[in-house]
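# Structural features, examined
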Amino acid sequence: MMASSYNAKDEDGNITVSGPGGGALRSKKPENTAFKQQRLPAWQPILTAGTVLPAFFGIGLFFIPIGIGLYVTSNNIKELEIDYTGSDMSSPCFNCSQSFSWNSTKPCTCTIPFHLDQPYDSNVFMYYGLSNFYQNHRRYVKSRDDSQLNGDSGSLMKPSKECEPYAYFEKKPIAPCGAIANSMFNDTLELFYNNPNGTKVKIPLTSTGIAWWTDKHVKFRNPGGSNPNFTAVFQGTAKPVNWRRPVYELDSDPENNGFINEDFIVWMRTAALPTFRKLYRIIQKKDDLLPTLPRGSYTLEVVYNYPVRSFEGRKRMILSTISWMGGKNPFLGIAYITVGSVCFFLGVILLIIHHKYGNRSNSADISS
Amino acid sequence: MERFHWVQHRCRQLLEGQSVQHWYSAPNGVPDKNSQDAHCSPHRVSGKQRTVFGRHGPHQQEYETISRNYKSNVIRTTKYNLLTFIPMNLFQQFHRVANLYFLFLALLNWVPVVEAFQKEITMIPLLVVLTVIAIKDALEDYRRYLFDKKINNNAVRVFCGKQKAYTDQRWKDVQVGDFVFLSCNEIIPADIVLLYSSDPSGVCYIETANLDGETNLKQRQVVSDLLLQGVEFSPESFHSRIVCENPNNDLSRFRGYMEHSSGVRVGLHNNNLLLRSCTIRNTQTVVGIVVYAGHETKAMMNNTGPRYKRSQLEKHLNKDILWCVVLLFIMCLTAAIGHGLWLKNLKDPVFQVDEEMSPALAGFCVFWTMIIVLQVLIPISLYVSIEIVKLGQIYFIHNDLALYNEQLDSRILCRALNITEELGQIQYLFSDKTGTLTENKMVFCRCSIYGVEYPHEENAHRLKMYEEEKTEAAVCSMTLKSGYSVKSLSCRSLGCNRSSVSLNTLNTESEEEEDQLFGKRTSAFCSRMAKEVVPDPELVKKLNWLSCPVLPLSEGSPGTPSSLELTYIIDFFLALAICNSVVVSSPSQPQNVVPEAGTPLRSLEEIKLMFQHFSFSPFSALTTISPPQIKSSPGSRQFTHGKTNSFTFSTPPSSTTVGSESGQESSLETSNLKLHLSARRERGDIGQLDSRETEGDISKTKINPDMAKQDVEGLTREMDNDDELVYEAECPDEEALVHAARAYRCTLRGRSADSLLVDLPGIGPLVIQLLHILPFDSNRKMMSVVVRHPVTGQVVVYTKGADSVVMGLAETPTCAEQAQEIHTHIRKQSQKHLDSYAREGLRTLCIAKKVLEEEEYEVWLKRHLLAESSIENREELILESAQRLETNLTLLGTTGIVDRLQEEVPETIEALQRAGIKIWVLTGDKQETAINIAYSCKILCPNDQLLTANCGSKDVCAAILEELKLEVQRCEDSLTRITSKKNCGNSFLCTVASFILVIDGQTLDWALQEDLKSDFLELSRRCKAVICCRSTPLQKSQVVHLIGKELGVITLAVGDGANDVSMIQMADVGIGISGQEGMQAVMSSDFAISRFKHLSKLLLVHGHWCYSRLANMILYFIYKNVMFVNLLFWYQFFCGFSGSVMTNAWVLIIFNLLFTSIPPLIYGVLDQNMSADLLMGLPELYQATQTSQVYVPCMFWITVLDAFYQSLVCFFVPYFALAGSDAGELTLGSPINASALFIILLHQVLESHTLTWIHVLVLVLSGGSYFGFVLLLSVFCVTCNPPTNPVGVETLQMSQPLFYFVCALTTVTALIPRVLFRALHNTLNPSAVLKLAPMDKVNSEKYHERMQRWNLSHSKVKRLPLGADNPGLEPSTASEVS
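What you are looking at is a predicted structure, and each value in this text was computed from that prediction instead of being measured.

### Some details on helix H2 (residues 49-76) of chain A
Helix length check: H2(A) (28 residues) gives 40 Å between terminal C-alpha atoms against 40 Å at 1.5 Å per residue, within 8%. Residues of H2(A) that are buried: Ala49(A), Val52(A), Leu53(A), Phe56(A), Gly60(A), Phe63(A), Gly67(A), Leu70(A), Thr73(A) and Ser74(A).

### Observations regarding the interface of chain B and chain A
Every contact between the two is made by 97 residues of chain B and, on the other side, 88 residues of chain A. Interface of chain B and chain A: buried area, both sides summed, is about 7,900 Å²; carbon and sulfur atoms make up 64% of it. The three residues of chain B that bury the most area against chain A are Val350(B), Phe351(B) and Val353(B), which together make up 9% of that side's buried surface. Applying the counting rule to chain B against chain A returns one salt bridge. For the side of chain B that touches chain A, the leading source of residues is helix H47 (residues 1297-1324) of chain B, giving 18 residues. Residues that form the side of chain B that touches chain A fall into these classes: 56 nonpolar, 27 polar and 14 charged.

### Topic: the domain arrangement of chain A
Split into domains, chain A comes out as domain 1 (49-77 + 338-357) and domain 2 (78-322). A straight line from the C-alpha centre of domain 1 of chain A to that of domain 2 of chain A covers 44 Å.

### Details of the UniProt feature "binding site: Mg(2+)" (unreviewed entry) in chain B
All names here are of chain B. Those residues carrying the UniProt feature "binding site: Mg(2+)" (unreviewed entry) are Asp432, Thr434, Asp1056 and Asp1060 in this numbering. Considering the C-alpha atoms alone, the annotated residues occupy 629 residues of sequence yet fold into one spot, their largest mutual distance being 10.5 Å. Counting through the fold element by element, Asp1056 comes out in the loop between strand E33 (1051-1055) and helix H36 (1061-1066). Structurally, Asp1060 can be placed in the loop between E33 and H36. Here Asp1060 is in contact with Asp432, Lys1036 and Gly1055, once residues within four sequence places are set aside.

### Some thoughts on the pattern of salt bridges
Scanning all chains against the criterion turns up 41 salt bridges over all chains. Two residues, Arg144(A) and Asp146(A), come together in a salt bridge whose shortest N-O distance is 3.2 Å. With respect to burial, Arg144(A) and Asp146(A) carry one shared label: buried. Put simply, Asp1202(B) and Arg1314(B) hold a salt bridge, and the shortest N to O gap is 2.8 Å.

### With respect to the packing of aromatic side chains
Throughout the structure, instances matching the rule amount to 70 aromatic pairs over all chains. On the numbers, 6.3 Å between centres and 80° between planes, the contact of Phe104(B) with Trp368(B) is edge-to-face. Of the two residues, Phe104(B) is situated in helix H5 (residues 97-108) and Trp368(B) in helix H10 (residues 359-373); the sequence distance between them amounts to 264 residues. Here Phe104(B) falls in the partly exposed class, since its relative accessible area comes to 38%. Trp368(B) sits in the partly exposed class, given a relative accessible area of 25%. Between Phe1133(B) and Phe1137(B), the ring centres sit 5.0 Å apart and the planes meet at 70°, which makes this aromatic pair edge-to-face. Given the relative accessible area of 39%, Phe1133(B) is considered partly exposed. Owing to a relative accessible area of 13%, Phe1137(B) belongs among the buried residues under this scheme. One aromatic cluster is present, built from ring pairs that chain together Tyr128(A), Phe133(A), Tyr140(A), Phe185(A), Trp267(A), Phe276(A), Tyr280(A), Tyr306(A) and Phe311(A).

The rules we used
- Residues numbered from 1 in each chain as written.
- Chains lettered and ligands numbered in written order.
- Predicted model: local features only at pLDDT ≥ 70, side-chain atom pairs only at ≥ 80, totals over all residues.
- Heavy atoms only, no water.
- Helix = DSSP H or I, 4+ residues; strand = E, 2+ residues; numbered from the N terminus.
- Expected span 1.5 Å × (residues − 1).
- Buried < 20%, exposed > 50% of the residue type's maximum accessible area, 1.4 Å probe, protein only.
- Contact = heavy atoms within 4.5 Å.
- Buried area = accessible area lost by both parts, 1.4 Å probe.
- Salt bridge = Lys/Arg side-chain N within 4 Å of Asp/Glu carboxyl O.
- Nonpolar A, V, L, I, M, F, W, Y, C, P; charged D, E, K, R; others polar.
- Domains from an automatic or database assignment.
- UniProt positions renumbered as here; feature names shortened; annotations may be inferred.
- Phe/Tyr/Trp six-rings, centres within 6.5 Å; stacked < 30°, edge-to-face > 60°.

Listed below in structure tokens is the structure:
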């Protein structure tokens, strides 16, 4: 092949015909290269029962152990969910849920006792969960101004149009603007361990470290840089309509106040699905010997602010430990096991087919 | 660089073409074909005329007023300039509905309630497409600009009024009315009427290669009476006015007249016009006046865009796209209703932003939002992709070595860019015969004069030898001594006849032998062969009788030709030599002028004497006024022209030079051409004088007949020594005939516009005054020259034409009985010879002559001149005039010319037939010739049953069709019975015995009529092949149209000549063979190849590939879009149908535009579902694409279903894995997108049949670019993409094992069904390849065995002598099917 292509080039050089324009015409002979003659070495995958067999068995053998592993991992995660919506007459929060309005100034508190059958060993993550809350609604998702949240002082005073109708309140720009911020979850949850001796011990909840590192340090920034005087910075802005406090009073810690308040940041990352949970607090493990949450009875104290009844939503408090693959979710393990078994089963069927019919195709192997 | 230009050119064509192409194209998307057809209609031009004055002549003022509106010679082929580029280009681009669709979506996104993404993002696809195309357009336009500039600045010498001289000017400064001075080899800058030529006879030669690719020289002539005006033409003295038609694009027509100041009008026609971009050749200097300049020149007006044909697949695709639209509509409607219902059930939710909207209105808005969100479902980019893929495919077709012709150094030329896949679906192939199946390199083979056949056995032998020694080719038309004759040979008289003949008795070589030998055959056969004709000894002997003018008075001796016969022979050769339009040139004499007739070999006196001696011969027999002499006997010596009865003979004094010398014709003024030219007015008189003078006494001598043998040798020797004359003929028949005449020393030496120089045996150069040439046209099927005989001064018409016409026009002189007898005898014999020639597969021509009376000629001349100078209906009038002249002809003789098959034609045909393509041969040739050629190229197999339909009336035609149909039915029934009994699943063997329909032109006319159409179709559908002989170009296209339309099949027409143009244009795929007959066929074709054999690779391999590639790519594209869009759709169920998406809008838009767009293109260009060798080896595989197995509706739905399944898996596995967790929107989207990408790319891998490093590279790059993009976005895009903020999402995701577990599970689960389906399909139902491979071996073995046996049993027949006029070899009709 090398030789022939060499020849072709030689000819190209020799045959030069003077055209009428004076330019030299080369021989029109196409080059004899593998590419141009479409003879590139190629792998021709022909899927037959015989060739596919090993893949199916392989997948089966590979997936089933993984599935088992995932399932076990998921099962080891301890998780507790408490619905405190109060839609039930029997629920302790029923009253609170009835007498609700965004603007009520009198906080309503309800107490829900629960019992942990098993001790929670590692760090425990405390979530609040909302159901039927469409945080992924198209208009809702857009209703925010990222520049404002990024500390842009221009956007602070002049929020994006996307924030409408939550951009201005009485001609003052709202900070943070938009529907997402406006509807921020504002229940306060507290956990108490009921000591067998009758005392209630407040469990310390860490409110930092619950947001993504990138969100906290890159995406969300307070305006005015490191100016600790938030009041001055947010001068001339209005608080979101549904909020009780302006944004610069969310926390006393300046590292967790204003736009970089982690509760706020967590809320601002809109959930993908209408039933979701968001990280609320972390119960740090203090002692290697003692479980983070020992067995026993607890009390959840809720300052009930957030209304969900209008859209038939539910509110939950979730306590969960976490593994390398996230929260408790047996689906993945089961799915792996199922798919693995199906593959294995199909492999067996293919094996039978291959033995019955495979000879035919074997005789006619195509050489590439 | 060249290649780059080519690609650019293609791109431009593509883009230009697109502006009027698709279903989504502008309202003016009339198929290009119509506009092409419009060229043909003669009255495209308004009746207005243009008047041209010399620019620097006396008519300055008139010139100013008139020429103001004429375009100057500046050409501008660019579409834009710097200022107009952007608006014009945008305007052009928005002619495409695809772009309008994008624009509509972009605008829709500006409506606030509907808005789905940010405004900029929806603009991206539109902007990308517009920019890419705009850049391409700009580059292309710039290139054209440079080219224009170069052209416009070419220098040319133009007469300048001030300096009174020719000065160098640039092309662009040339104006209408300018006088242009051109030298040899210069390119003509504008359309110019020729006013002066340095050639003494006022002739100029041009080469039109730049225009139509024909390299032979064409002769142009100075306006007829300008020659007389003086020696040197001076522009200042040009006072004439030129009136001609308005600019049009008909290259072959120019009508007008020139009015001199004296008021005399001279007709102008095409012969006076030099076209722009042609080259002056063989003429030193030329002066002309510009009549059309710049864009009004015919060359520029012929610059049409590329052809556009819409392919079947595309039509099919459009249907599927409509389904996609329906799907989109359903999905959007679902979302709209869902959103309405969802809203209705909500009471004042906190996440509801626009509270005031009613659910119905909100639903309505969501509908439009969803259209934006799901826009990808309509694969508009598919159209662009298809075009790109076709470009790629064409690139590879263009570069195929197998489609390259070494001899001509020509590749395949792809003129249509968008029907590559049609090549894979051809079901009917319509082929011309001459030049397509055969070489169209003619070799004179046999002739018959005066009813006597001269078989030229040595010549035939030599032809055979030539082949044998060179290639040992076993089959060519010469060896096909076709022992059969079809019963219906003489059926014309019966009114109708039909027969079905088994071709078993045909002689043939064994299959194997052929197969071996054809491989070796080269096509180097021709040029020498065509030139060298070994003369027939018999004929040479007879000629010698004449050259040594021993008058065969002693008729008693056998073999002595009668003088009447001699005159016939001489006239015959003279006609061969001069009745043509051959241009003569010789290397030693580059100037193509008639050489000054050299000194004759003997003194003028002698010639005169000799002529006197023969003066009777050429004319007397034909002159109607001299019948009494013929009365006596063919052997009678008594000829008269006037009073002469005695003969003089002068012994040649120098007879040693070239055998014996003598002349049958002579000229008195051979010595000086100039004299001849200037004296042409008086010629008539001189001629008459001559004849009177020459009526002298004639003496006779005896000649030694033994000399004949030596003479043959002498002749050949002379031929060798003869200086090389090069004949350039427009049609190869002519060349062959001229060479044949030359072999008998009747040599055409030169030609000028009004004279011919002919060497005659024994005399030397002789000038014959040429009065008219009535060129060949397909209506008359003949051509004639009118010459004034230099000696007798009589006007003689020599005619050569198709036997059917000439035989009809050749009338028996209504005179003496004896003469009549002779004539009837000649005609009968000639007809017999013609038939036998035809049976041998020779092309037949009849040569005839006619002597015109002076008065008769005057009358005719007057009307002819009138016809020539008329502007309206010139063609019709000239035709009529020619027809008036060509009557009452005297048949001189007939010729048989061999036209060899092209190499590998039988193999190609066999392969195509095995591929399930029905082959029709449409030819203008005789039935016998056609059948013979059909046989030799294996359209007919020995087992085939021949059905012949010839009839004279419609009723009979109907009856025949009916009867044939019944017969076919009967045979088919019996066949199926046999096959069912044998239980042979072997389809190939069963189809061997099939039917071939042979139909002639007249019958075809009936059959094509409305009421018989269906019968004809029904019949032809059941035949393996159909041969239409004696068909006109119109019929050819009618047949193609009928089959294509009524049967709904894809047709391919292949041809090489102008008579195939209509057929080529009518067919779905038109293929032109660039051969001997000019470029018309090529110019109107979609693909131009140089050899018929290229068809097999083109169709079987490239067609198959192109089709399956495109079909697979389309399916893949649809799959890809449906799959991806459905992901978004499923999400709507979880976001209240609000039109929200779980992906970053950028990723969403670019996903289709970048990440997954290249692999399908590569797939579409490079995939090979089967190897080329396999496809060539097993033509049956073609049937898979032919019947569109890949792209059937069910495949579309399977694909869509598969896409639905995959999208379900791809969405719900991540959904369940993340359900109830704290996943944000993008966190959910991330694994979904990633696994969608994996699935889509791996799906591609599963679907493609070959994977090369290019595939792998592209796949890796595609995947890599996605991850690169999203990672970059998640690192750097802090506030860049406001609503959905990607910062940190992907980095976080990809650092978690969960992401990979989800992706792995999703990808595997989604692809399992496809893998399983493929595996099961390939195992349980092995594809055609696997099935056919073993079967083929059995087939071919069996077949060869059979053929061998058959050959053995028929070998006797083979040895039978050539059955030229032996009707006894007719096969019996009884042996129908073996």
